[in-house]
Structure formats: structure tokens, C-alpha cells
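Given next are the chains, with one letter for each unit.
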Amino acid sequence: MLGKSEEKALKKLRKELRSGLYSYLVLSILEKEGELHGYAIRKRLEELSGGELVPSEGALYDLLKSLKKLGLLQDSWAEVGGRPRKYYSITEMGKNVLARMRDEIRVIESVLEKLGGLE
């Protein structure tokens, strides 16, 4: 069991680690699965991580807005079941940036393996 200070430190570091990871995962999901609405992206993250990596709805929509502002995503509205939904898709620039991020992830994986951190 962690003490109060340890919990606080872990929470802060986990938040920092996950913020960049969520961007990578969202771009990867949209590249692989095509156009999805926010709730579907969140559910997919939940499925893929066994419930371990699920951003809050607010955090996810802030992230989607940020990725759109950077030009990595685009959005469009569609009516589904009589109600409008915003769908997101990865842009060509998003695909290019994602490819570079994958290179970065490979380097991180390599370092973790050398440290014995992926056991």
C-alpha cells in the first residue's frame, strides 16, 4: 500500500504518461478503424486496455479538439438514430505524424526492454 505522498506522485506521473499515450492511441484507432464518434473511441480504448486506459469523457473530447486544432483529425456530423453525432477521422498529416510517433514508441520499447521493464 502506498502512502499519501506516493499516491500523489503516482497520480501525477500517471497523468503525464497517459496524456501523450492517449493521443497516440486515438490516432492509431482512427487510422485502423476509420471514422468513429467520441463514445466509440472511448469504448474501443476501454476494450483494448481491459478497462485500464479509459480517459474521462471531458479529457477525451479536449484531446479530440486539440488533435483537430493541430490538423491531425477532422470531424463531420452525421445523423444516427435521429440524433446528430460528430465523427472523427485521421487526416493525411495525422497519418504522417502517427508514423513518426510509432518510431518514438519503438525507441521507448527498446529502452524499456533493455531495462527489463516489459517483463
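All of these numbers come straight from a predicted model, not from anything done at the bench.

Peer 1: How should I be thinking about the overall build of the protein in this particular structure?
Peer 2: The helix and strand tally for the protein stands at 4 helices and 3 strands. Counted from the first residue to the last, the protein has its helices and strands arranged as α-β-α-α-β-β-α. The dimensions of the protein, computed from C-alpha atoms along their principal axes, are 50 × 35 × 25 Å. Looking at the protein as a whole, 25% of its 119 residues qualify as buried. A sequence separation of at least 24 residues applies to 46% of the contacts in the protein between residues at least 6 apart. Accessible area of the protein: about 8,500 Å², with a carbon and sulfur share of 54%. Here the protein carries 22 positive and 19 negative side-chain charges, and the mean point of each set is 5 Å from the other.

Peer 1: What is the right way to read the layout of surface pockets from this model?
Peer 2: Empty pockets left among the atoms are what a rolling probe the size of a water molecule brings to light. Considered as a void within the structure, the largest pocket measures approximately 460 Å³ in volume. As for the largest pocket, its lining consists of 15 residues, of which Leu-17, Leu-21, Ile-105, Ile-108 and Leu-112 are closest to the centre. At the level of secondary structure, the elements contributing two or more residues to the lining of the largest pocket comprise helix H1 (4–33) and helix H4 (92–114). Taken as a whole, the second largest pocket holds about 370 Å³ of empty space. Together, 14 residues line the second largest pocket, and Arg-14, Lys-15, Arg-18, Tyr-22 and Ala-59 are the ones closest to its centre. Of all the elements in the fold, those that place two or more residues in the lining of the second largest pocket are H1 and helix H3 (57–69). In terms of residue count, the dominant contributor to the lining of the second largest pocket is H1 (8 residues). Here the residues of the lining of the second largest pocket are counted per class, giving 6 nonpolar, 2 polar and 6 charged.

Peer 1: Explanation requested: the sheet that holds strand E3 (residues 83–90) in the structure shown.
Peer 2: Picture the strands of a sheet paired through backbone hydrogen bonds; they go either parallel or antiparallel. Across the sheet, which stays open at both edges, the 3 strands sit in the order E1-E3-E2 with antiparallel pairing between neighbours. The sheet is open, and its two edges are formed by strand E1 (36–37) and strand E2 (73–80), each paired on a single side. Lying over the sheet, H3 contacts E2 and E3, oriented at roughly 125° with respect to E2.

Peer 1: Is there a simple way to think about the nonpolar core in this case?
Peer 2: Looking at soluble globular proteins, one finds that nonpolar side chains tend to be buried together. Val-26, Leu-27, Leu-30, Ile-41, Leu-64, Leu-67 and Leu-73 are the most contacted members of the largest nonpolar core, which totals 19 residues. When contributions to this core are tallied by element, the ones reaching two or more residues are H1, helix H2 (38–49), H3 and E3. Per-element accounting of this core gives the leading share, 6 residues, to H1.

Peer 1: Can you walk me through a nonpolar patch on the surface in this structure?
Peer 2: Residues Val-107, Ile-108, Val-111, Leu-112 and Leu-115 make up a contiguous nonpolar surface patch of roughly 450 Å² in combined accessible area. Mapped onto the fold, Leu-112 is located in helix H4. Among the residues examined, Leu-112 registers a relative accessible area of 34% and is labelled partly exposed.

Conventions adopted
- Residues numbered from 1 in each chain as written.
- Predicted model: local features only at pLDDT ≥ 70, side-chain atom pairs only at ≥ 80, totals over all residues.
- Heavy atoms only, no water.
- Helix = DSSP H or I, 4+ residues; strand = E, 2+ residues; numbered from the N terminus.
- Buried < 20%, exposed > 50% of the residue type's maximum accessible area, 1.4 Å probe, protein only.
- Contact = heavy atoms within 4.5 Å.
- Areas by Shrake-Rupley, 256 points an atom, 1.4 Å probe, with all protein chains shown as cover.
- Lys, Arg positive; Asp, Glu negative; His and termini not counted.
- Charge placed at Lys NZ, Arg CZ, Asp CG, Glu CD.
- 1 Å grid on protein atoms, 1.4 Å probe; cavity = no way out; pocket = protein on both sides within 12 Å on 5 of 7 lines; lining within 4 Å.
- Points joined across faces, edges and corners; volume = space filled by probe spheres on them.
- Nonpolar A, V, L, I, M, F, W, Y, C, P; charged D, E, K, R; others polar.
- Pairing = 2+ DSSP bridges.
- Axes fitted to C-alpha atoms, helices over the stretch in contact; angles between N-to-C directions.
- Core = buried A, V, L, I, M, F, W, Y, C linked by side-chain atoms within 4.5 Å.
- Patch = residues over 30% accessible without salt bridge, like charges linked within 9 Å, V, L, I, M, F, W, Y side chains within 5 Å.
- Salt bridge = Lys/Arg side-chain N within 4 Å of Asp/Glu carboxyl O.

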